[in-house]
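# Survey of secondary and tertiary structure
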Amino acid sequence: MSSVAVLWVAASSPNPDPMNTCGLVRALESSRVLSRCQNQRVNNGRRNQTTQTTWSSSSSVMSFRRRRSSVVSSSLVAHPAGEIDLSSEEKVYNVVLRQAALVNKQLRSTSPVLDDVKKPQDIIRPGSLSLLAEAYDRCGEVCAEYAKTFYLGTLLMTPERRKAIWAIYVWCRRTDELVDGPNASHITPMALDRWEARLEDLFHGRAFDMLDAALADTVTRYPVDIQPFRDMIEGMRMDLRKSRYNNFDELYLYCYYVAGTVGLMSVPVMGINPKSKATTESVYNAALALGIANQLTNILRDVGEDARRGRVYLPQDELAQAGLSDEDIFAGKVTDKWRNFMRLQLKRARMFFDEAEKGVTELDAASRWPVWASLLLYRRILDEIEANDYNNFTKRAYVGKVKKIAALPL
């Protein structure tokens, strides 16, 4: 996360003018100076690999989808208090339905943007387009520095989609760095509340800095719903208060928050193949599955690293069924019990990858490559865990350059 964002969450939220005639110009001009003075670089966190993907998804959601026929409010995902008790898949699927409905609304519209969203030319003052272009360029620089393979994939996309994906990537990265970055020890739940309030301002056309301005422009051009962005912040809250997960239902919801949300943000920008006969919902379910698969892969790769931080992101009930406990993880010994447990965990992650693979070909042709690259490279990490004899305590599974090049889609 940029130091500008760190300064913001540590202080009270500013109240800039709306970007109807001058707010965007002010945000861009002032943040251009800030961006040149502040170091935007941040250290890679454990979930940073997650934000390099453009997708995310869940296979068990598919069976639930057949039992639902109407769009339901998704607000209970991030704010479940007082709501009917639903499974994690049901909660997440509500968000899928909401985003799919927003996309379908745009497809039925003759306008390139939604009727109830301000058009970019209505909120950008003449003369500010060069500043907005600079904001997008800065997002591209951040993406190129921290997600090289993904960045190269975005260069195959159309210029407009490419810029929008950069803006989304940067927001996700900054959000992730709130709890995984160098200033994570100073982040409080109140700071995340202010970050969410800033998100609400952004979706209403009020930007605080240059990087915000790029995303504020993006959400006026594409049918992007705010709920996945809110839910990602909820995932950061969960990291502050939770270090154990009783079962996979709890872990699934966490994986959606920190990774599955990325797909719901990105697919409206990447677009669906006009010739696709798949439903919008099925494409989003496939997008959701890749994020879940990627995050499960992160968790399985980083067991030892997380244990040294006092965290165990593995289902407690499944550990107990395998005859294992947190003490075994902290001891870091590879036993037959651990190997058997890991085989089942890898099998589950691969099932999510298989579900995600079904939807890649439904994306717009110009947007498929970065998605394929993410899927193929992340799936290879599971192979490397096996090659290390399931020792994810002291060995970090990674895909070397030669294998990475060989795995990339042609």
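Conventions and cut-offs
- Residues numbered from 1 in each chain as written.
- Predicted model: local features only at pLDDT ≥ 70, side-chain atom pairs only at ≥ 80, totals over all residues.
- Heavy atoms only, no water.
- UniProt positions renumbered as here; feature names shortened; annotations may be inferred.
- Helix = DSSP H or I, 4+ residues; strand = E, 2+ residues; numbered from the N terminus.
- Contact = heavy atoms within 4.5 Å.
- Areas by Shrake-Rupley, 256 points an atom, 1.4 Å probe, with all protein chains shown as cover.
- Expected span 1.5 Å × (residues − 1).
- Buried < 20%, exposed > 50% of the residue type's maximum accessible area, 1.4 Å probe, protein only.
- Core = buried A, V, L, I, M, F, W, Y, C linked by side-chain atoms within 4.5 Å.
- Domains from an automatic or database assignment.
- pLDDT = per-residue confidence, 0-100.
- Polar contact = N/O pair within 3.5 Å; in protein donor to acceptor, adjacent residues only side chain to side chain.
- Salt bridge = Lys/Arg side-chain N within 4 Å of Asp/Glu carboxyl O.

The name recorded for the protein in an unreviewed UniProt entry is 15-cis-phytoene synthase, from Brassica oleracea. Taken verbatim from the UniProt record of the protein, the Sequence similarities (unreviewed entry) comment is "Belongs to the phytoene/squalene synthase family." As recorded by UniProt, the Pathway (unreviewed entry) comment attached to the protein reads in full: "Carotenoid biosynthesis; phytoene biosynthesis; all-trans-phytoene from geranylgeranyl diphosphate: step 1/1."

Turning our attention to the overall build of the protein. Summing up its helical and strand segments, the protein has 20 helices and 0 strands in all. Partitioning the intrachain contacts of the protein with sequence separation of at least 6 by distance along the chain shows that 81% fall at a separation of at least 24. Of the roughly 17,100 Å² of accessible surface on the protein, a fraction of 52% belongs to carbon and sulfur atoms.

So, on to helix α9 (residues 159-180). Counted at 1.5 Å a residue, the expected span for α9 with its 22 residues is 32 Å, and the 31 Å between its end C-alpha atoms agrees. Taking burial as the measure, the 22 residues of α9 include 18 buried ones, the bulk of the element.

Our next topic: the nonpolar core. Side chains of a nonpolar character, in soluble globular proteins, are inclined to be buried together. Core analysis: the biggest nonpolar cluster contains 105 residues, and W171, Y256, L314, I329 and W338 have the highest contact counts within it. The leading source of residues in this core is helix α13 (residues 248-270), at 16 residues. When residues of this core are assigned to domains, at least three fall in each of domain 1 (127-225) and domain 2 (242-409).

Within the protein, residue pLDDT values average 78, and 72% of them lie at 70 or more. Confidence, expressed as mean pLDDT per element, reaches its minimum in the protein at helix α1 (residues 3-10) with 31 and its maximum at helix α16 (residues 316-321) with 98. Predicted confidence for residues 110-127 stays below pLDDT 50, and this span has 32 contacts to residues more than four positions away or in other chains.

This next bit is on the environment of A356. Looking at the element boundaries, A356 is found in helix α18 (residues 336-360). A356 gets classed as buried once you look at its relative accessible area, which sits at 0%. Spatially, the C-alpha atom of A356 lies 7.8 Å from that of N285, the residues being 71 residues apart in sequence.

Relative to the helices and strands, N273 resides in the loop between α13 and α14 (280-301). From its side chain, N273 meets the backbone nitrogen of K275 in a polar contact 3.0 Å long. Those residues within four positions of N273 in sequence are excluded, and the remaining contacts are T361, E362, L363, D364 and R368.

Despite not being glycine, D389 has its phi angle at roughly 60 degrees, a positive value. Mapped onto the elements of the fold, D389 is located in the loop between α19 (368-387) and α20 (401-407). A positive phi angle, near 65 degrees, is found at Y390, a position not held by glycine. Considering the arrangement of structural elements, one finds Y390 in the loop between α19 and α20. By relative accessible area, which is 8% here, Y390 ends up buried.

Across all of its chains, the model carries 31 salt bridges by this definition. Here D336 ties to R339 by a salt bridge, and the two come within 2.9 Å at their closest N and O atoms. Within this pair, D336 and its partner R339 are both found in helix α18, separated by 3 residues, close to a single helical turn. A relative accessible area of 19% places R339 in the buried class. The shortest N-O distance in the salt bridge between R350 and D383 comes to 2.8 Å. One end of the pair, R350, is in helix α18; the other, D383, is in helix α19, and 33 residues separate them in sequence.

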